[in-house]
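Reading the structure
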Protein chains: 2
Amino acid sequence: MLGYGVVMSGRTPAAAAGSATTTTTGSPARPSARGRIDKREAILATAFVVFAREGYAQATLDAIAAEARVAKHTIYNHFGDKQTLLRAAIAAEADRAMAKNLAAVDRLRDHDGDLRATLEDVGSQLVACYCDERGWALRRLLYAEISQFPDLLDIITGRASDPVTEALADRLARLALAGHLRAGDPAAAAEQLAALLTGSLEARCRYGTRVISAAEQHAVARAAVDTFLHAFGTAPGPAGTPAAGEGDPAARC
Amino acid sequence: MLGYGVVMSGRTPAAAAGSATTTTTGSPARPSARGRIDKREAILATAFVVFAREGYAQATLDAIAAEARVAKHTIYNHFGDKQTLLRAAIAAEADRAMAKNLAAVDRLRDHDGDLRATLEDVGSQLVACYCDERGWALRRLLYAEISQFPDLLDIITGRASDPVTEALADRLARLALAGHLRAGDPAAAAEQLAALLTGSLEARCRYGTRVISAAEQHAVARAAVDTFLHAFGTAPGPAGTPAAGEGDPAARC
DNA sequence: CTAAATCTGCACTGGTCGGTGCACTGTAAC
DNA sequence: GTTACAGTGCACCGACCAGTGCAGATTTAG
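This write-up is about the structure you can find in this document. Quantities reported herein were computed from a predicted structural model and do not represent experimental measurements.

It is worth spelling out the overall build of chain A at this point. Helix and strand counts for chain A stand at eleven helices and zero strands. In chain A, buried positions account for 47% of the 253 residues. Across chain A, every contact between residues at least 6 apart in sequence was considered, and the portion connecting residues at least 24 apart equals 68%. Carbon and sulfur atoms form 57% of the exposed surface of chain A, whose accessible area is close to 11700 Å².

Attention shifts here to the interface of chain B and chain A. At the interface, 49 residues of chain B touch 49 residues of chain A. Here chain B packs against chain A, burying approximately 4300 Å² in sum over the two surfaces, 55% of which is carbon and sulfur. One can count two salt bridges joining chain B with chain A. Arg204(B) is the salt-bridge partner of Glu191(A), the closest N and O atoms lying 2.5 Å from each other. Listed by contribution, the elements that provide at least two residues to the side of chain B that touches chain A are helix H2 (39-54), helix H7 (133-145), helix H8 (152-156), helix H10 (186-205) and helix H11 (214-232) of chain B. Broken down by element, the side of chain B that touches chain A gets its largest block of residues, twelve residues, from H10(B). Among the residues forming the side of chain B that touches chain A, the class breakdown is 23 nonpolar, 13 polar and 13 charged.

Another aspect to go through is the packing of aromatic side chains. Overall, the coordinates contain 13 aromatic pairs over all chains when judged by the stated rule. An angle of 20° between the planes, with centres 6.0 Å apart, marks the rings of Tyr143(A) and Trp136(B) as stacked. Of this pair, Tyr143(A) sits in helix H7 (residues 133-145) while Trp136(B) sits in helix H7, on two different chains. On the basis of relative accessibility, which here comes to 1%, the residue Tyr143(A) falls in the buried class. On the accessibility criterion, Trp136(B) (4% relative accessible area) is buried. Arranged with centres 5.0 Å apart and planes meeting at 25°, the rings of Phe228(B) and Phe232(B) form a pair that is stacked. One end of the pair is Phe228(B) and the other is Phe232(B), both in helix H11 and four residues apart, which spans about a single turn. Phe232(B) sits in the buried class, given a relative accessible area of 9%.

Residue and element names in this part refer to chain A. At a closest axis distance of 11 Å, the pairing of helix H2 (residues 39-54) and helix H4 (residues 72-79) adopts a crossing angle of 95°. Classified by the angle their axes make, H2 and H4 are roughly perpendicular. Seen from H2, the contacting residues are Arg-40, Ile-43 and Leu-44; seen from H4, they are Thr-74, Ile-75, His-78 and Phe-79. A per-class count over the contact of H2 with H4 returns four nonpolar, two polar and one charged.

This part covers the protein's contact with DNA strand C. For DNA strand C, the set of nearby residues contains 18 residues, the closest of which are Ala71(A), Thr74(A), Lys72(B), His73(B) and Lys82(B). Within 4 Å of the protein, the atoms of DNA strand C are drawn from sugar and phosphate moieties in a proportion of 57%. In the model, a phosphate oxygen of DNA strand C is placed 3.4 Å from a nitrogen or oxygen of the Tyr76(B) side chain. Those elements that provide at least two residues to the surface near DNA strand C are H4 of chain A together with helix H4 (72-79) of chain B. Its residues placed into classes, the surface near DNA strand C shows seven nonpolar, six polar and five charged.

Before going further, it helps to spend a moment on the relation of the copies chain B and chain A. Once chain B is rotated about the relating axis by 180° and shifted along it by 0.0 Å, it coincides with chain A to within an RMSD of 0.0 Å. This pairing of chains is accounted for by a two-fold axis.

This part is about the state of the cysteines. All names here are of chain A. By the definition in use, this model includes zero disulfides over all chains. Cysteine Cys-129 is unpaired, with the sulfur of Cys-131 as its nearest cysteine sulfur at 9.6 Å. We note that Cys-131 lacks a disulfide partner, and the nearest cysteine sulfur, in Cys-205, lies 4.3 Å from it.

What follows concerns the nonpolar core. In terms of nonpolar packing, the biggest core is built from 142 residues, with Phe51(A), Leu85(A), Phe228(A), Phe51(B), Leu85(B), Leu172(B) and Phe228(B) touching the most fellow members. The element that contributes the greatest number of residues to this core is helix H5 (residues 82-106) of chain A, accounting for twelve residues. Composition of this core by domain shows at least three residues from each of domain 1 (37-80) and domain 2 (90-240) of chain A. What Leu85(A) contacts, discounting residues up to four positions off in sequence, is Ile43(A), Leu44(A), Ala47(A), Phe51(A), Leu61(A), Ile64(A), Ile75(A) and Phe79(A).

All names here are of chain B. Following the sequence through the fold, His-218 ends up in helix H11. For His-218, a relative accessible area of 39% puts it in the partly exposed group. C-alpha separation for the pair His-218 and Gln-125, spaced 93 residues apart in sequence, amounts to 9.1 Å.

For the structure shown, the criterion picks out 30 salt bridges over all chains. The residue Arg53(B) makes a salt bridge to Glu54(B) at a minimum N-O spacing of 3.3 Å. Glu120(B) serves as the salt-bridge partner of Arg116(B), at 4.0 Å between the closest nitrogen and oxygen. Within this pair, Arg116(B) and its partner Glu120(B) are both found in helix H6 (residues 115-131), separated by four residues, close to a single helical turn. Each member of the pair, Arg116(B) as well as Glu120(B), carries the same accessibility label: buried. Salt bridges sharing common partners tie together Glu93(A), Arg96(A), Lys100(A), Asp132(A) and Arg134(A).

All names here are of chain A. Contact pair H5 / H7: the axes reach a minimum separation of 10 Å and the direction vectors enclose 135°. Comparing the axis directions of H5 and H7 gives the class oblique. Helix-helix and strand crossings are classified by hand; for H5 and H7 the assignment is left-handed. The residues of H7 that touch H5, namely those facing Leu-86, Ile-90, Glu-93, Ala-94, Arg-96 and Ala-97, are Arg-134, Leu-138, Leu-141 and Leu-142. Its residues placed into classes, the contact of H5 with H7 shows seven nonpolar, no polar and three charged.

Rules behind the numbers
- Residues numbered from 1 in each chain as written.
- Chains lettered and ligands numbered in written order.
- Predicted model: local features only at pLDDT ≥ 70, side-chain atom pairs only at ≥ 80, totals over all residues.
- Heavy atoms only, no water.
- Helix = DSSP H or I, 4+ residues; strand = E, 2+ residues; numbered from the N terminus.
- Buried < 20%, exposed > 50% of the residue type's maximum accessible area, 1.4 Å probe, protein only.
- Contact = heavy atoms within 4.5 Å.
- Areas by Shrake-Rupley, 256 points an atom, 1.4 Å probe, with all protein chains shown as cover.
- Buried area = accessible area lost by both parts, 1.4 Å probe.
- Salt bridge = Lys/Arg side-chain N within 4 Å of Asp/Glu carboxyl O.
- Nonpolar A, V, L, I, M, F, W, Y, C, P; charged D, E, K, R; others polar.
- Phe/Tyr/Trp six-rings, centres within 6.5 Å; stacked < 30°, edge-to-face > 60°.
- Axes fitted to C-alpha atoms, helices over the stretch in contact; angles between N-to-C directions.
- Parallel < 35°, antiparallel > 145°, perpendicular 65-115°, else oblique.
- Near = heavy atom within 4 Å.
- Polar contact = N/O pair within 3.5 Å; in protein donor to acceptor, adjacent residues only side chain to side chain.
- Least-squares fit on C-alpha atoms with pLDDT ≥ 70 in both.
- Disulfide = S-S within 2.5 Å.
- Core = buried A, V, L, I, M, F, W, Y, C linked by side-chain atoms within 4.5 Å.
- Domains from an automatic or database assignment.
- Left-handed = near helix turned anticlockwise from the far one by under 90°.

Shown next, in the form of structure tokens:
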């Protein structure tokens, strides 16, 4: 549950072979890597950047080709046309982002003692994903082009509607079963936690134009977790969360 | 604090005179309204719709002119060029949305008895604003073009960074002072409530492609208010909120 | 070595679109 | 009347760009 298969669609056999041998994108410092066939990776990465920066319509294939140090023809050889390139670039980036998000949520698996600390840790990582420059670029691109390319929705998510929140719900369910959270609908709890994290950021980031410092990111995560635990924690009860002495909600930066 | 002045910038005297006499957009059923000068309003409304549907770059002035039943030249007479038209259209729509949001928040002013019910009412209205088709169009357009036109940020908000959340904070402060909410940073409380509302919707709306039924909207508002009151309500205390018998959080639709 | 495949540089086409110029119409003010 | 002005319809220019064709260079496989 990571590759989704979608991203791989339409690859040229040669390109697949190429990325199977060397790859890892940030290849060794050898300049230009002549003759090798990580062209495809370069095209995808550059295309995403240019599309995000200029928008689909404004972005020109000449610009992408130039910036990727590749002939325009090479792009057509790999992807056929502009639309396919957009889809492939978005799919690749979405997979990257999704994997990062799921990895963060997965840290809830090895929860030892302090639930609040663990949640804040995971929250901080999710916040970091959200504030990531590339994350913003992806979101902007989706908002921009979703009405032109409705199928992008299916490309970025697997069959699930929102794999990250679902994974979060899974983890919260286990925590509730272990008595660390109030019993109830784990999906609802996950939704509220995710909303607290991303909702605050959406307001603060001003459509991605404002950069959020690490300290501010952490404060947002703390405030979100604080509110969340008030609503879903085992009150002043037995579990690892002794009401936490009113940790001042959201120390603004 | 409503006109912001920005929207009015660049109007032609004649157009101003025209809208001063008749206007109210949805003019009486008189077809085509020949000779009258609500052309400007028609252009702005149509431009917003077309821009939102096609994106700035894809949208053609010919299409806007045709759809607004106006000669292309008329558009240039009023706005000079495409960029100015975009800014004016967005400014007009943003003002509309902002006014609607502020009106919703303002209903917290005449709070009589049941705080939970009042909050759910306001929450529902804010949710409705967010789910509004035009609201989504505006947000999509902003996400899409903010990197090309960073000044759109200043156009849509007054001097305040987020007038709606600030107004909400004002109202929450009064409620806290009256003992209906826990004392603390009202700005933080407002941020969390707004995050719970919009964050949940952001996830559910799938970039604006999915329509949210009225029932689902109400459920989202209820869940948000429930979580919010757990965190910021005067616990099982004296005020009008007697713990509310565990109103099952988020009855999914 | 040869052969197949890929990549490159360049020139070209066909279409689209922002913006302009011009001649004309209809209305309102004087 | 006439003067002024907002709007209309049409044709046009110039720029930009997706996509193609071609000829030659480079690489990999055998």
